[in-house]
Amino acid sequence: MWICLDGEFVPRDQAKVSVFDHGLLYGDGVFEGIRAYHGRVFRLAQHVRRLYDSARTIQLQIPLTPAQYGEVILETCRRNQIHDGYIRAVVTRGVGDLGLDPRKCPLASYFIIAAGIQLYPESCYEQGLKVVTCATRRNDPTALDPAVKSLNYLNNILGRIEVNRANADEGLMLNSLGNVSEATGDNIFVVRDGVILTPPIAAGILQGITRDAVIELARAAGFTVKEEFFNVQVVYNADECFLTGTAAEVIPVRELDGREIGDGQPGAVTRQLIAAFRELVKHDGTPIHG
Ligand code: PXG
């Protein structure tokens, strides 16, 4: 495995960052998780754009143009002969001193890992996930906006610890007002009477690339999709519920907090969108080889 580290390709065991890197000391940095399918990088431009938006929000200067960054991602796939895989692109504040002042970090550091992917078993797509509502609320956007895909994922990890303790598959996080925001690493959708609902960006969520793709697919298939605030009762009473994310793609939810969603089986709309998404990734992407 070859890792791209600050523009050089180095073997996995030589890909190391300093203990003085503020990405490690303070979670001061940003990242993306990206998929390659069938020799194409899915929605590369959108991921690069979100990476640069996240960086800009935290005033982090990436030492490449977005076009160069996209090209380095493709080159990392080529070096590792990736056809289908998972790509992690990380930019950190770089090496500084022990103070938190980012001015002490003259140069941002970046690395890209292109690897295989640990997929959810197919049975999860057939039976749906068991989800619990986390007691931990999603970060308040007025403090740290979840729209920034930062290296500080402790809020999500605290949610994930609750999920593990409950022996569940994923956790639903509410925002500080009690509205549904997102899962610990996925966006959420519900279906009621054929209408699809998902929380708006203002609910304090990451604007998922998969979420955007699913909204487009659903609208193209003739569904009404509304970005609206809703509470957990709307999820309990939904006909269907599903999550979206780069790793999970489109995945049904069969129960929330021990309550069956609909009849407890993946619904027709969810199944249609899973099929549409699997079709989309076959052709929608930047070719890795020319
Ligand atoms: N919300 C959050 C908080 C995320 O971290 C998504 C939604 C879905 O966004 P995309 O763009 O992927 O459709 C994410 C991204 C993991 C893992 O190992 C998951 C994500 C990121 C990093 C790791 O489960 N999800």
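Residues numbered from 1 in each chain as written. Predicted model: local features only at pLDDT ≥ 70, side-chain atom pairs only at ≥ 80, totals over all residues. Heavy atoms only, no water.

**Q** How should I be thinking about the domain arrangement of the protein chain in this particular structure?
**A** How big an interface is tends to be reported as the loss of accessible area on association of its parts. Structurally, the protein chain comprises domain 1 (2–115) and domain 2 (122–280). A C-alpha centroid distance of 26 Å is found between domain 1 and domain 2. Opposite the 23 residues of domain 1 that make contact, domain 2 presents 18 residues. The largest per-residue losses of area from domain 1 upon contact with domain 2 belong to Phe31, Arg43 and Arg50, which jointly make up 38% of the total buried on that side. Where domain 1 touches domain 2, the interface holds 2 salt bridges. With its nearest N and O atoms 3.1 Å apart, the salt bridge here joins Arg43 to Glu216. Those elements that place two or more of their residues in the side of domain 1 that touches domain 2 are helix H1 (22–26), strand E3 (29–37), helix H2 (44–57) and strand E5 (85–92). Counting residues per element, the side of domain 1 that touches domain 2 draws most heavily on E3, which supplies 8 residues. When the residues that make up the side of domain 1 that touches domain 2 are grouped by side-chain class, the tally is 10 nonpolar, 9 polar and 4 charged. (Domains from an automatic or database assignment. Contact = heavy atoms within 4.5 Å. Buried area = accessible area lost by both parts, 1.4 Å probe. Salt bridge = Lys/Arg side-chain N within 4 Å of Asp/Glu carboxyl O. Helix = DSSP H or I, 4+ residues; strand = E, 2+ residues; numbered from the N terminus. Nonpolar A, V, L, I, M, F, W, Y, C, P; charged D, E, K, R; others polar.)

**Q** Quick question: what am I supposed to make of the packing of helix H6 (residues 209–220) against helix H8 (residues 268–283) here?
**A** For any two helices packed against each other, the geometry comes down to the angle between their axes and how far apart the axes lie. Running from amino to carboxyl end, H6 crosses H8 at an angle of 110°, the nearest separation of the two axes being 10 Å. In terms of orientation, H6 and H8 fall into the roughly perpendicular class. The two elements H6 and H8 cross, and the hand of that crossing is right-handed. On the side of H6, the interface is formed by Thr210, Ala213, Val214, Leu217 and Ala218, while H8 contributes Leu273, Ala276, Phe277 and Leu280. (Axes fitted to C-alpha atoms, helices over the stretch in contact; angles between N-to-C directions. Parallel < 35°, antiparallel > 145°, perpendicular 65-115°, else oblique. Left-handed = near helix turned anticlockwise from the far one by under 90°.)

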